[in-house]
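# Structural description and commentary
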Amino acid sequence: SSDIAEGLEKQTGPAVTNMTKDEFKTMIDTETVVVSAKFTDKSHSLYKVFEEVADLMRMAAKFVQIDDNQNKIVIHRKGEDAPIVYSGAADAEELGAWVEEERFHLFGEINAENFQSYDERKREGIAWVCVKMEKSNQANVTAVTPIFRAMAKEYPQYSFVWLDTQQFGEHVESFLGISDDDYPAMVITTKEDKKYRWTGPAIEKSAIKQFIEDVRAGKVEPFLKSQPIPETNDEPVKVVVGKNFDEMVFHADKDVMLEVYAPWCGHCKKLEPQYNAVAEMLAKNEHIMLAKLDGTANEVAHSDFQYEGFPTIFYVKAGEKKPIPYEGDRTKKGIIKFIKKNASKPVEITETKAAATKEPQLPFVDTAGWREWMQDTTEKIEELGALLDSYDELKRIHEEKKGKKAKKTSTKDEL
């Protein structure tokens, strides 16, 4: 594709493109970020540094040289009127840091290609602006751009971005917790994995400014995606959601085993009867609780409880907040063994009718039944063999008697 070809050209072609002034004027309307060096003397110390940085950062922006005796380096960001002029020394490290900082738009689009760059940027977080878009029409983004460019200048602690809410609608809902009914909205995500959400009937500068000020003052509670707190929670395995996570998981006098699952996960479905059985077997232990959390519908604010796959099981001892990751067998026997080893107090095991159900076995792994069947079959085969032997013996005797009778009749006839 053209994108692949363009990427290969950037990686393998010249780091700096030479242009005339007219070519440059046409090009800056199509390129997202352009770093231009306006020099006629290519032996100039600053231009030499420019070439060095361009070679190292060729994938971050387009670097061009224009025959102009101004002897300066400028960054042009598409859609923004005022270019930014470099005022530092002829030092590659200093110039590289400047390009890395200034290549980001005041209010720019975030997508799969540049997300990592925004995520790694030296900022306190990202301010995601979400407005309704149809067929990726950017009219609503254009309408609020002046507001968020002004916010970016006033609050340089954040990267202000917008994203195509039609193309990335699922990401907006799953990651930011914003649905179609919430637009317009803004979510601030921080390096500490906290999220602060604002929604309103319309985006106004005063409302956005107040929201940011409240976030910075600690007046806004972090937003967590969460299912509703269940009205009843009296099953052996307790239900935990984002809203009641701390209340349910952290206890001064109770250990908690927490399974993070996904409703569609086959491994989770296989584990469920084993996990439920263990909860029943430990029901008399008031100092131990087994719980579960739907990891697709709830978020956890604590970094120690991050998970990448399902099921993931954590064990939290009474009075502690740092969990012990579970790494045992996903069976009733394996779970009980782990709990006995890590429990803060002795554990009493009670066998129940449900808990006594056999753990899942592969076909024919029930060795006792298999041996019994084999023994019974072998005995039947042996009996059949004995019958066959008896039949052969009777047949032999019959044939022998028949032969003797025939011999006597033949002798009689000869006489």
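Heads up: these notes are all about the structure in this document. (Residues numbered from 1 in each chain as written. Predicted model: local features only at pLDDT ≥ 70, side-chain atom pairs only at ≥ 80, totals over all residues. Heavy atoms only, no water.)

### Points about the packing of helix 3 (residues 45-56) against helix 4 (residues 92-102)
Axis angle and axis distance: for two packed helices, these are the angle between their axes and the distance between the axes, and together they describe the pair. Note the cut-off: Throughout, an axis means a line fitted to C-alpha atoms (over the contacting stretch in the case of helices), and angles, computed between N-to-C directions, take values from 0 to 180 degrees. Put simply, DSSP marks the helices as runs of H or I at least four residues long and the strands as runs of E at least two long, and each gets a number from the N terminus on. In this scheme, roughly parallel covers angles under 35 degrees and roughly antiparallel covers those over 145, while 65 to 115 is roughly perpendicular and the rest are oblique. Throughout, a crossing is termed right-handed when the near helix is turned clockwise from the far one, and left-handed when it is turned anticlockwise from it by less than a right angle. Residues are treated as being in contact if the distance between any of their heavy atoms lies within 4.5 Å. Basically, the charged four are Asp, Glu, Lys and Arg, the nonpolar ten are Ala, Val, Leu, Ile, Met, Phe, Trp, Tyr, Cys and Pro, and anything else, Gly included, counts as polar.
Between helix 3 and helix 4, the shortest axis-to-axis distance is 9 Å and the interhelical angle comes to 55°. Accordingly, the angle class assigned to the pair helix 3 and helix 4 is oblique. Regarding helix 3 and helix 4, the two cross each other, and that crossing is right-handed. For the pair helix 3 and helix 4, the contacting residues are Val-49, Phe-50, Glu-52 and Val-53 in the first and Ala-92, Leu-95, Gly-96 and Val-99 in the second. Each residue belonging to the contact of helix 3 with helix 4 can be placed in one class, and the counts come to six nonpolar, one polar and one charged.

### Quick word on the sheet that holds strand 15 (residues 324-325)
What counts is decided by this rule: Strands qualify as paired when DSSP identifies two bridges or more between them.
Read from one edge of the open sheet, five strands run 11-13-12-14-15, paired in mixed fashion. Since the sheet does not close on itself, it has two edges, and those belong to strand 11 (237-240) and strand 15, each with one partner. Looking at chain direction, strand 14 (residues 312-316) and strand 15 are connected through two bridges and run antiparallel. Bridged to Tyr-315 within strand 15 is Ile-324. Strands in contact with helix 11 (residues 332-342) are strand 12 (255-261), strand 13 (288-294), strand 14 and strand 15; relative to strand 12, the strand with the most contacts, it is inclined by about 140°.

### Some points on the nonpolar core
The condition is simple: Each nonpolar core is a collection of buried residues, namely Ala, Val, Leu, Ile, Met, Phe, Trp, Tyr and Cys, held together in the definition by side-chain atoms within 4.5 Å. Only protein chains enter the accessibility calculation, which uses a 1.4 Å probe. A residue is then buried if its area is under 20% of the maximum for its type, exposed if over 50%, and partly exposed in between.
Grouped together as the largest cluster of nonpolar side chains are 25 residues, with contacts concentrated most on Phe-148, Phe-160, Met-186, Ile-188, Ile-203, Phe-211 and Ile-212. For this core, the elements supplying multiple residues, two or more each, are strand 7 (125-130), helix 6 (139-154), strand 8 (158-162), strand 9 (185-190), strand 10 (195-199) and helix 8 (205-216). The element contributing the most residues to this core is helix 6, with six residues. Apart from the residues within four sequence positions on either side, Met-186 is in contact with Ala-127, Trp-128, Val-129, Phe-148, Tyr-196, Arg-197, Trp-198, Ile-208, Phe-211 and Ile-212. Counting 23 residues, the second-largest nonpolar core is a separate cluster that includes Val-35, Val-53, Ile-75 and Leu-95.

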